[in-house]
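Analysis of the macromolecular model
Read off the chains here:
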Amino acid sequence: MSCFKTFLIPFKLIVMLSTSIALAEDPNKIIAAKVNEYIITAQDVLNAFERLPTKIKEKPLPDLYPSIVNELINQHLITKQAYKEKLDQNTIIIDQVKKNKDQIIAKYWINNFLINQTKRENIEIFYNNYLKSFKKSKEFNASHILVKKEKEALEIIKQLKNKAKFSDLAKTKSIGPSAKNEGQLGWFSSGQMVKEFEKATFALKKGEITKTPVKTQFGFHIILLNDVRDSKPKKLSDIQQSIIDRIKKNSLSNLEKEIRKNKIIIINDFKDVAKKVNN
């Protein structure tokens, strides 16, 4: 995993600071609170909201707003007290501030870098290359009934031969998650299902059901092949986000290689480091 992953800044579009007032101005210019002449902006509130644990962020911002603002007020007043005691001149704090500054700068640089890498023209180039390299293959649409025991699967096959409805048996007998969808698995191609399941499915004709149970690691399957078609390239709108994710991943990987080139990098063994820390 790339070491750059921790540099990515999460973005959350928040269009309401209350239940009735939409943000129509720059959040940096909207005053949320004042302590004497010190101003806490709407952007400060949004930034504080982003730093909250994920579980807490599930609550609506209007509900959290009073707590966040009061915490920012307390933080400001405590900071002023710390300055009075000249903590800003403490060498440990100076070093920590520098490291935090470096990390913030790195985060913003990485985000700007990724914005440039994922411009519209780069997305279109990636998509056009995808179209050029696309090769048609067969896609299969199947339904299945999954049970634990072979005996039970054989009984279901017998019921199907006696004109029982596949979808009804899938809903009532199948232990697979597709039971709620009448056993329908949708479209898939080679490599997406376990080997035994694929082999049995690909041998069927449209509308045909497996004559014997198909054993896999999940249990015993009765498979119905609903349809077969030739695959088609996906529309750009359908895969744009996956293209952006791929461009980002490739760009970060290439960047990491580039900036580390010709650098002398030494990573000490964890046990050695831990031993020194614990001594």
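See above for the structure.
Residues numbered from 1 in each chain as written. Predicted model: local features only at pLDDT ≥ 70, side-chain atom pairs only at ≥ 80, totals over all residues. Heavy atoms only, no water.

Among the nine residues of helix H10 (residues 270-278), zero are classified as buried, and the element is accordingly described as predominantly exposed. Its side-chain oxygen placed 3.0 Å from the backbone nitrogen of lysine 271, aspartate 269 serves as the N-cap of H10. (Buried < 20%, exposed > 50% of the residue type's maximum accessible area, 1.4 Å probe, protein only. Helix = DSSP H or I, 4+ residues; strand = E, 2+ residues; numbered from the N terminus. Polar contact = N/O pair within 3.5 Å; in protein donor to acceptor, adjacent residues only side chain to side chain.)

Core analysis: the biggest nonpolar cluster contains 13 residues, and Val45, Leu61, Ile68, Leu72 and Ile73 have the highest contact counts within it. Breaking this core down by element, the ones donating at least two residues are strand E1 (31-35), helix H1 (42-51) and helix H3 (61-84). No other element matches H3, which puts six residues into this core. The contacts of valine 45, once residues within four sequence positions are left out, are Ala32, Leu61, Tyr65, Ile68, Val69 and Leu72. Counting residues in hydrophobic clusters, the runner-up holds 12 residues, among them Val147, Ile157, Leu160 and Ala170. (Core = buried A, V, L, I, M, F, W, Y, C linked by side-chain atoms within 4.5 Å. Contact = heavy atoms within 4.5 Å.)

Buried within helix H7 (residues 166-173) are the following residues: Phe166, Ser167, Leu169 and Ala170. When H7 is viewed along its axis, its buried side chains cluster within an angular range of 165° and face the same direction. Elements in contact with the buried residues of H7: strand E3 (138-147), helix H6 (150-161) and strand E6 (219-230). (Arc of directions from axis to C-beta.)

Bringing the packing of aromatic side chains into the picture now. Given two aromatic rings, one states the distance between the centres and the angle between the planes to describe the pair. Across all of its chains, the model carries five aromatic pairs by this definition. Aromatic pair tyrosine 127 and tyrosine 130: ring centres 5.7 Å apart, planes at 40°, arrangement tilted. Taken as a pair, tyrosine 127 and tyrosine 130 lie in helix H5 (residues 120-133) at a separation of three residues, close to a single helical turn. Its relative accessible area of 13% is what places tyrosine 127 among the buried residues. Summarising the aromatic geometry, the rings of phenylalanine 140 and phenylalanine 202 are spaced 4.2 Å apart at their centres and angled 25° between planes, so their arrangement reads as stacked. Pair noted here: phenylalanine 140 is in strand E3 and phenylalanine 202 is in helix H8 (residues 195-202), with a separation of 62 residues, a long-range link. Of the residues examined, phenylalanine 140 reaches a relative accessible area of 10% and is grouped as buried. By relative accessible area, which is 30% here, phenylalanine 202 ends up partly exposed. In textbook terms, an aromatic cluster arises when at least three aromatic residues are bridged by ring pairs, as seen for Tyr127, Tyr130 and Phe134. Directly above the aromatic system of tryptophan 187 lies the positively charged group of arginine 229, at a separation of 3.9 Å from the ring centroid. (Phe/Tyr/Trp six-rings, centres within 6.5 Å; stacked < 30°, edge-to-face > 60°. Lys NZ or Arg CZ within 6 Å of the ring centre and 35° of its normal.)

Taken together, four strands build an open sheet; the order of strands is E4-E3-E6-E5 and the sheet is antiparallel. Sheet topology places strand E4 (184-188) and strand E5 (214-216) at the edges, where each strand pairs with a single neighbour. The mean inter-strand angle of the sheet, taken between neighbouring strand axes irrespective of direction, is 40°. As paired elements, E3 and E6 share 10 bridges and run antiparallel to each other. If you follow alanine 142 over to E6, its bridge partner there is leucine 225. Those strands touched by H6 are E3 and E6, and its axis lies near 50° from that of E6. (Pairing = 2+ DSSP bridges. Axes fitted to C-alpha atoms, helices over the stretch in contact; angles between N-to-C directions.)

Moving on to the packing of helix H4 (residues 91-117) against helix H9 (residues 236-260). Where H4 contacts H9, the two axes come as close as 10 Å, and the packing angle between them is 125°. One way to sum up the angle between H4 and H9 is to call them oblique. Crossing hand, H4 versus H9: right-handed. From H4, Trp109, Ile110, Phe113, Leu114 and Gln117 reach across to H9, where they touch Ile247, Lys248, Ser251, Leu252 and Leu255. Broken down by class, the residue content of the contact of H4 with H9 amounts to seven nonpolar, two polar and one charged. (Parallel < 35°, antiparallel > 145°, perpendicular 65-115°, else oblique. Left-handed = near helix turned anticlockwise from the far one by under 90°. Nonpolar A, V, L, I, M, F, W, Y, C, P; charged D, E, K, R; others polar.)

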